[in-house]
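Single-letter residue listing:
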Amino acid sequence: MTRPARITPSLRITPSLRITPGLRLAFAVAILAAVWLVVLPSIGRLPAVERHVRLMESRDVNPAAMVYTELEHLPLRPAWIERHLVLWPTGN
Amino acid sequence: MATDPGADLPRRGFHEDFAAILIGVALVVLALAIGWSGRPTEDAGSRKAFPKGWPNRLSATIDKPQTWSDAPLQALVVVDKKDKTKVKPVSIPILLGMTWVVGILAAGTLLRGRSLAAVLPGACFLALLGGLAYLMAAQKVINYYNLEYPLWALLVGLVIGNTVGAPKWLEPALQGEFLIKTGLVVFGAEVLFSRLLELGLPGLLTSWVVTPIVLVVTYLFGVHWLKIPSKSLCMVIAADMSVCGVSAAIATGAACKAKKEELSLAIGLSLLFTVAMMVVMPPFIQWAEIDPIVGGAWLGGTIDATGAVVAAGEMLGKNLDDKRPAEVAATVKMIQNSMIGIIAFAVAVYWAGWVDRDVAGPKTSLAAEAWRRFPKFILGFIGTSIVCSWLFTMSPELALLVDGAINGFTSRLRGWLFCVGFICMGLQTIFRELAPTLASGRPLILYCGGQVLNLVLSLAMASLTFGWLFRQGVTP
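Described below are features of the structure shown in this document. Predicted model only: the values in this text are computed from it and were never measured.

Reading guide: rules and limits
Residues numbered from 1 in each chain as written. Chains lettered and ligands numbered in written order. Predicted model: local features only at pLDDT ≥ 70, side-chain atom pairs only at ≥ 80, totals over all residues. Heavy atoms only, no water. Helix = DSSP H or I, 4+ residues; strand = E, 2+ residues; numbered from the N terminus. Buried < 20%, exposed > 50% of the residue type's maximum accessible area, 1.4 Å probe, protein only. Areas by Shrake-Rupley, 256 points an atom, 1.4 Å probe, with all protein chains shown as cover. Contact = heavy atoms within 4.5 Å. Buried area = accessible area lost by both parts, 1.4 Å probe. Salt bridge = Lys/Arg side-chain N within 4 Å of Asp/Glu carboxyl O. Polar contact = N/O pair within 3.5 Å; in protein donor to acceptor, adjacent residues only side chain to side chain. Phe/Tyr/Trp six-rings, centres within 6.5 Å; stacked < 30°, edge-to-face > 60°. Axes fitted to C-alpha atoms, helices over the stretch in contact; angles between N-to-C directions. Parallel < 35°, antiparallel > 145°, perpendicular 65-115°, else oblique. Left-handed = near helix turned anticlockwise from the far one by under 90°. Core = buried A, V, L, I, M, F, W, Y, C linked by side-chain atoms within 4.5 Å. Nonpolar A, V, L, I, M, F, W, Y, C, P; charged D, E, K, R; others polar.

1. Here we look at the overall build of chain A
Scanning chain A for helices and strands turns up three helices and zero strands. Expressed as a percentage of its 92 residues, the buried residues of chain A come to 30%. Total accessible area on chain A is roughly 6200 Å²; 65% of this is exposed by carbon and sulfur atoms.

2. Focus: the interface of chain A and chain B
On the chain B side, the residues contacting the 50 residues of chain A number 75 residues. Interface area, chain A with chain B, both sides summed: about 5500 Å², of which 65% is carbon and sulfur. For the chain A face of the interface with chain B, the top three residues by lost area are A:W36, A:R59 and A:M66, together amounting to 16%. Summed over the shared surface of chain A and chain B, the number is four salt bridges. Of the charged contacts, one joins B:E314 and A:R59 as a salt bridge, the two residues approaching to 2.7 Å between their closest N and O atoms. Remark: the boundary between chain A and chain B carries 24 residue pairs in polar contact (both at pLDDT 80 or more). Counting residues per element, the ones that place at least two in the side of chain A that touches chain B are helix 1 (21–44), helix 2 (47–58) and helix 3 (79–84) of chain A.

3. Focus: the environment of B:S230
Along the chain, the position of B:S230 falls in the loop between helix 8 (210–225) and helix 9 (231–244). From its side chain, B:S230 meets the backbone nitrogen of B:L233 in a polar contact 3.1 Å long.

4. With respect to the side chain of A:N62
As for its position among the elements, A:N62 is in the loop between helix 2 and helix 3. Exposure remark for A:N62: the relative accessible area of 14% places this residue in the buried category. Polar side-chain contacts of A:N62 include one of 3.0 Å to the backbone oxygen of A:E70. Once residues lying within four places of it in the same chain are set aside, the contact partners of A:N62 are A:E70, A:L71, A:E72, B:N143 and B:G307.

5. Section: the pattern of salt bridges
Residues and elements named next belong to chain B. Inspection of the entire model under this criterion finds 15 salt bridges over all chains. Between R112 and E16 there is a salt bridge, with the nearest N and O atoms lying 3.2 Å from each other. Taken together, the residues span a long stretch of sequence, with R112 in the loop between helix 2 (91–111) and helix 3 (116–137) and E16 in helix 1 (residues 16–37) at a distance of 96 residues. For the residue pair R112 and E16, the accessibility class agrees, reading buried in each case. It is possible to trace a salt-bridge network through shared partners that takes in E16, D17, R112, E177 and K181.

6. Quick word on helix 13 (residues 306–316) of chain B
Of all 11 residues making up helix 13 of chain B, 10 are buried, and the element is well covered by its neighbours. All of the buried residues in helix 13 of chain B are B:T306, B:G307, B:A308, B:V309, B:V310, B:A311, B:A312, B:G313, B:E314 and B:L316. Residues of helix 13 of chain B that are buried in the fold lie against helix 2 of chain A together with helix 11 (260–287), helix 12 (292–302) and helix 14 (324–337) of chain B.

7. Quick look at the packing of aromatic side chains
Residues and elements named next belong to chain B. Scanning the entire structure with this criterion turns up 17 aromatic pairs over all chains. Between Y134 and Y149, the aromatic rings sit 4.9 Å apart at their centres with planes inclined by 50 degrees, giving tilted as the arrangement. Highlighted residues: Y134 in helix 3 and Y149 in helix 5 (residues 149–163), separated in sequence by 15 residues. Residue Y149 is classed as buried on the basis of its relative accessible area, which comes to 6%. Centre to centre, the rings of F187 and F381 are 6.0 Å apart; their planes meet at 15 degrees, and the pair counts as stacked.

8. Side note on the packing of helix 7 (residues 200–208) of chain B against helix 14 of chain B
Residue and element names in this part refer to chain B. Packing of helix 7 against helix 14 brings their axes to within 10 Å, and their N-to-C directions diverge by 60 degrees. Judged by the angle between their axes, helix 7 and helix 14 are oblique. As helix 7 runs across helix 14, the sense of the crossing is right-handed. Contacts between helix 7 and helix 14 involve G203, T206, S207 and W208 on the former and, on the latter, V332, I335 and Q336.

9. Comments concerning the nonpolar core
Residues and elements named next belong to chain B. Of all hydrophobic cores here, the largest spans 173 residues; its most connected members are L126, L184, F422 and F466. Top contributing element to this core by residue count: helix 18 (residues 396–428), with 19 residues. In contact with F422, not counting residues within four places along its chain, are P150, A153, L154, I250, L263 and I267.

10. Considering the side chain of B:Q336
Residues and elements named next belong to chain B. As for its position among the elements, Q336 is in helix 14. For Q336, a relative accessible area of 2% translates into the label buried. Among the polar contacts made by the side chain of Q336, one reaches the side chain of T211 at a distance of 3.0 Å. Apart from residues lying up to four places away in sequence, Q336 is in contact with S207, T211, S242, V243, C244, G300 and G301.

11. What about the packing of helix 6 (residues 176–187) of chain B against helix 17 (residues 377–394) of chain B?
Residue and element names in this part refer to chain B. It is the contact of helix 6 with helix 17, at a shortest axis distance of 7 Å, that shows an interaxial angle of 25 degrees. What the angle tells us is that helix 6 and helix 17 run roughly parallel. Across the interface between the two elements, K181, L184, V185 and F187 of helix 6 pack against F377, G380, F381 and T384 of helix 17. The residue makeup of the contact of helix 6 with helix 17, split by class, is five nonpolar, two polar and one charged.

12. A look at unusual backbone geometry
Glycine aside, the phi torsion of most residues is negative, and most peptide linkages are trans. Residue and element names in this part refer to chain B. Even without a glycine there, the phi angle at K257 is positive, about 55 degrees. If you trace the backbone, K257 turns up in the loop between helix 10 (246–255) and helix 11. According to the relative accessible area criterion, K257 is partly exposed, its value standing at 37%. Not every positive phi belongs to a glycine, and E289 is a case in point at roughly 55 degrees. Tracing the backbone through its elements, the reader meets E289 in the loop between helix 11 and helix 12.

13. Remarks on the environment of B:A71
Position of B:A71 among the secondary structure elements: in the loop between helix 1 and strand 1 (77–79). C-alpha separation for the pair B:A71 and B:F18, spaced 53 residues apart in sequence, amounts to 43 Å.

Geometric descriptors of this kind do not, in isolation, establish any biological role.
This is the structure in structure tokens:
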């Protein structure tokens, strides 16, 4: 049994006026598209953000790496560490 | 994690965990075999000639969208870093990457004795959504501030799931748990125990003393002090905060069978705090005049995500050529990465033996009960890790074979599997279930409390080991 449309003094809401799931999806997609195609590129042009991106690019850093294998350079022990630290103390 | 639709149907094939192990191990073996068949004839053992391992021909069959700033189509080409006019299209490897996901879903479906025809349309659609999530994560601002792809994969799934809902034809393909388990078995190849020794005793002390203490104390703080009803939520938050972010959350979440909503929440918290710490910690270290090497070790021990650790370490360098803080930070984080296998195994044993134990059920031995509940795919994860670690230590040539297989294939494939797995999770996530816990603010307090302890202990240990006990007194 369908429920009768709710009647208020100022507004009559009919089923046809309800936001359908399809409309909700279209609305969400529109917001996401606006953020990714307009807002984020604009943020990317802010001087502080531009500076950060340039620094990372110039140093060949992949800040999105989840684990070490996704880094541009594998973090293998550099020579200076051997001079700087006693890695395995021998007691001598 | 909660079970997939259809998990209760009578089975004619393998259990999900065994299917994940079979497929994951087969993929790692395939990558090693292809790498071996294409081994170089000259300088085969030279790390200088092959810094990221031997080239692997499978690398041509998988890639992900590249970073883009204004137009998403920029994601389909790789621009040469030295000569910006040279571009290489990657649309075919991206499409092939999606094909790998569809193929793995199909193989898993067959092994588990289900209908392939029912899964294929949904698998193709999910792979396309995976490409979309990767494209969103590749936007330059997002990428350079370390908002990793799992967040966007979850968002894509959540948007569809909470607006139109998952259509009926998609449901058989929603096998997020299977994809993540297979991804973890493949990921095992990257968790090399030999990397644990890369920084010697100072590195071991910084990672192996602080990390387990923070993990256990944070978990107990959540369960007993904050009285968060879900123990798995406490464990996932404790692991992602103390070990290494998203990857640790995925591994421990699977080990303690955390709900999809709990894993989503833990990952969201971790990524937001990672961005904040990546931006705030380097200036703080400089302001407090902490030694850059100690500061680098501190960053490595506290910031969750590996990429953000390196980014923060680079900001700490005194000039463009000073890579020391970033190198120390990345190596400490790599040691923590290598702990994931052991921690996931320990969590799985603890959960199966003590947390999930049915006290009212029939009396069986603790070992038998623990084995019945133990998530078997963890054995595949640990197995690939042990075999690849053993190969890695056998000879310089085999180390380069393993590195080439990981960098050229398995790490990219694991990324695709996690990405599509998170889309499935997003599609099935009901945040209403977490509303009371979220509204109480206790997960946030748990993360912050644990992170404060992590910051204090890591700084103390980094100062002790890198700044005093093992310091040679030589300034390079």
